[in-house]
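# Understanding the architecture of this molecule
Letter by letter, the chains look like this.
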Amino acid sequence: MLDNILKEDCCGCSACAQACPNSCINMILDEEGFWYPKIDKKNCINCKKCENVCPTKKNSINNNERKGTVYISYALDDGIRLQSSSGGMFRLIAEEAINNSMIVYGAAFDSLFEVHHIAVDKIEDIRQLQGSKYIQSRIDDAYTDIKKKLKNGKKVLFAGTPCQVAGLKSFLQQDYEHLITIGILCHGVPSLKIWRKYIEEQKQNFKSEIQEISFRNKQNGWKSYSVYIKFCDGSVYNCFFADDLFMQLFLSNICLRPSCYNCHFKDVWNMADIVLGDCWGVENHSPEMDDNKGTSVVFVNSTKGETLWKPASSKMALKITNFNEVFSETSEVIKSAWRHPNRRRLFKLIENRDLKQLKLLITVSPIKRFLYKLIKIVFRDNNECGNDNI
Ligand SMILES: Cc1cc2nc3c(=O)[nH]c(=O)nc-3n(C[C@H](O)[C@H](O)[C@H](O)COP(=O)(O)OP(=O)(O)OC[C@H]3O[C@@H](n4cnc5c(N)ncnc54)[C@H](O)[C@@H]3O)c2cc1C
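Quick caveat: nothing in here was measured; it's all calculated off a predicted structure.

An order of β8-β9-β10 is seen for the three strands of this open sheet, with the pairing classed as antiparallel. Because the sheet does not close on itself, it has two edges, and the strands there are β8 (210–217) and β10 (236–240). Across the sheet, the mean angle separating the axes of adjacent strands is 10° when strand polarity is ignored. Across the sheet, helix α8 (residues 192–206) is in contact with β8, β9 (226–231) and β10; its angle to β9 comes to roughly 55°.

Our focus in this paragraph is the domain arrangement of the chain. Segmentation of the chain into domains returns domain 1 (2–58) and domain 2 (62–390). Relative to domain 2, the C-alpha centre of domain 1 lies at a distance of 23 Å. Across the boundary between the two partners, domain 1 contributes 31 residues, which contact 37 residues of domain 2. Carbon and sulfur atoms supply 53% of the area buried between domain 1 and domain 2, which totals about 2,900 Å² over both sides. When the area that domain 1 buries against domain 2 is broken down by residue, the three leading residues are E8, Q18 and W35, summing to 25%. If you look at where domain 1 meets domain 2, you find two salt bridges. Between R339 and E8 there is a salt bridge, with the nearest N and O atoms lying 2.8 Å from each other. At the junction of domain 1 and domain 2, the tally comes to 17 residue pairs in polar contact (both at pLDDT 80 or more). Only α1 (15–19), β1 (25–29), β2 (35–39), α2 (49–53) and α3 (55–58) provide two or more residues apiece to the side of domain 1 that touches domain 2. Within the side of domain 1 that touches domain 2, the residues separate by chemical class into 17 nonpolar, seven polar and seven charged.

What follows is about the site of the ligand. Neighbouring the ligand are 32 residues; S85, S86, S132, K133 and L185 lie closest to it. Side-chain polar atom of S86 to an oxygen atom of the ligand: 2.7 Å apart, as the coordinates give it. In the complex, 96% of the free accessible area of the ligand, which totals 900 Å², lies under the protein chains. Only α5 (89–99), β4 (102–109), β6 (155–160) and β11 (274–278) provide two or more residues apiece to the shell around the ligand.

Here we come to the state of the cysteines. Each disulfide consists of a covalent bond between the sulfur atoms of two cysteine residues. Within the structure shown, the criterion is met by zero disulfides. Of all cysteine sulfurs in the structure, the one in C13 sits closest to C11, which takes part in no disulfide; the separation is 4.2 Å. Here C163 is not disulfide-linked; the sulfur of C11 is the nearest cysteine sulfur, at 4.3 Å. Using a relative accessible area of 16% as the deciding quantity, one classes C163 as buried.

Let us look at the nonpolar core. Within soluble globular proteins, side chains that are nonpolar tend to cluster in buried spots. Counting 54 residues, the largest nonpolar core has I194, W195, F246, M247 and L346 as its most contacted members. Two domains each put at least three residues into this core: domain 1 (2–58) and domain 2 (62–390). Counting 44 residues, the second largest nonpolar core, distinct from the first, contains A15, V53, I103 and Y105.

Using the criterion set out here, one finds 21 salt bridges in the structure. The closest approach of N and O atoms between D78 and K293, which form a salt bridge, is 2.8 Å. Placement of D78 in helix α4 (residues 78–83) and of K293 in the loop between α10 (282–285) and β12 (296–300) is noted, with a sequence separation of 215 residues between them. Judged by its relative accessible area of 36%, D78 is partly exposed. Relative accessible area serves as the criterion here: at 36%, K293 is assigned to the partly exposed category. Notably, a salt bridge pairs K122 with D121, separated by 3.8 Å at the nearest N-O pair. The exposure class of K122 is partly exposed, given its relative accessible area of 43%. One salt-bridge network, held together by shared partners, links D78, R81, D291 and K293.

The phi dihedral of D140 falls on the positive side, at around 50°, and the residue is not glycine. One can find D140 in the loop between β5 (115–120) and α6 (142–151). Despite not being glycine, Q173 has its phi angle at roughly 65°, a positive value. Looking at the element boundaries, Q173 is found in the loop between α7 (162–172) and β7 (179–184). In this structure Q173 comes out as partly exposed when scored by relative accessible area, which is 47%.

Turning to helix α11 (residues 303–312), a few remarks are in order. Those residues of α11 that sit buried are G305, L308, W309 and A312. Around the axis of α11, the buried residues are gathered within 100° of arc, so they sit on the same side. Residues of α11 that are exposed and point more than 90 degrees away from the buried face comprise T303 and K310.

Further remarks concern the sheet that holds β12. By definition, the strands of a sheet pair up through backbone hydrogen bonds, in either a parallel or an antiparallel sense. With mixed pairing, eight strands are arranged side by side in an open sheet as β5-β4-β6-β7-β11-β12-β3-β13. Looking along the sheet, the strands with just one partner apiece sit at the ends: β5 and β13 (316–321). Within this sheet the neighbouring strands show an average axis-to-axis angle of 25°, counted without direction. Where β4 meets β6, four bridges bridge the pair, whose relative direction is parallel. Among the inter-strand pairings, M102 is bridged to a residue of β6, identified as K155. Relative to the sheet, α5 contacts β3 (69–75), β4, β5, β6, β7, β11, β12 and β13, its axis offset from that of β4 by approximately 145°. Each of β5, β6 and β7 is contacted by α7, which is oriented at about 150° to β7, the strand it contacts most.

Scoring rules and cut-offs
- Residues numbered from 1 in each chain as written.
- Predicted model: local features only at pLDDT ≥ 70, side-chain atom pairs only at ≥ 80, totals over all residues.
- Heavy atoms only, no water.
- Pairing = 2+ DSSP bridges.
- Helix = DSSP H or I, 4+ residues; strand = E, 2+ residues; numbered from the N terminus.
- Axes fitted to C-alpha atoms, helices over the stretch in contact; angles between N-to-C directions.
- Contact = heavy atoms within 4.5 Å.
- Domains from an automatic or database assignment.
- Buried area = accessible area lost by both parts, 1.4 Å probe.
- Salt bridge = Lys/Arg side-chain N within 4 Å of Asp/Glu carboxyl O.
- Polar contact = N/O pair within 3.5 Å; in protein donor to acceptor, adjacent residues only side chain to side chain.
- Nonpolar A, V, L, I, M, F, W, Y, C, P; charged D, E, K, R; others polar.
- Near = heavy atom within 4 Å.
- Areas by Shrake-Rupley, 256 points an atom, 1.4 Å probe, with all protein chains shown as cover.
- Disulfide = S-S within 2.5 Å.
- Buried < 20%, exposed > 50% of the residue type's maximum accessible area, 1.4 Å probe, protein only.
- Core = buried A, V, L, I, M, F, W, Y, C linked by side-chain atoms within 4.5 Å.
- Arc of directions from axis to C-beta.

Dropping the structure here:
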């Protein structure tokens, strides 16, 4: 049963918890700060529904058939681009969806600046879903809710990370004509424990509660984005992303979820009806699409995706491209993130060190890096993290 799943194989989508007819699976935070299903074995009736909806067990979407069309694009409205992480594509597609009476699901902050999937059906509420939040969003009971809505004939647009889209499809167990999915290109999600530590340190440093956070403030341009925090007393923290402690830990891959180093959902051509990402490097191949305000790369993979994309695209600048113009074949878009050699050490020390001290673990000497690679080859990557059961 689910007991035999390795942490490395559990993406935390919670499809199993929602499928359990006896409500005997709860999502529990582990010691590293990631959500995992915990089964109340006394009440388990061994129906195997949890196993049947697990997207990793199904491993359903890795045929890598290259279909659909790839675009480079951005919203013509600069205001929308400024509020968005990349080119503002999500906002335009979500507007189109709501104008077509669809309910839109996406990731929003709660009052503690943790992230949950919520539903919106008004244009003015899309704003809460805009912008990348670099912590795993909790699905809560969104899949169950979506199933009910689809069964009642409602139309739904769901946006999330590739594993969340796979979790939804696996939970539903059938195609629905009125469901359209958006997958967000994702190199991994960092530990909630690290995020909570960061928030606490920020509040202590500024001696104030937090009012607003943006991971991708574009005041100094899209390529030099900053982490922006507005505090309740009016003070502001605005730090170039590469100098921010949380972003340094996140982007070095030292604190990602174990399953992100072994991601089963990297098939950009099949993961969702539409796939959105940052078009990093646009200045090299399509300088005419680059003004440093944010440019997206978009995969429109299905006819359903086109029904929203076509009308939304009248509000965009866009160019048709192909995968190889934008990405290399070793890109983290199709390959899992590299596991940092000091990951295990970081989580051993996490309780007793502050983030500045933990950050020192990011730097690895060339000798250690070489030895780590050698061990990975000799032992076939069988070390470090994710070999524990959930
Ligand atoms: C954890 C994470 C890692 C990412 N890694 C990459 C990467 O390696 N390469 C790349 O090109 N792009 C990555 N992105 C995507 C990128 O940052 C933009 O979100 C994307 O290009 C869409 O931009 P936009 O301007 O169209 O819309 P935006 O308004 O910026 O994006 C909003 C959309 O993102 C979703 N979203 C935001 N936070 C989360 C979350 N925590 N979990 C699930 N969904 C979320 C919202 O539901 C909404 O659908 C990542 C995003 C996240 C959240």
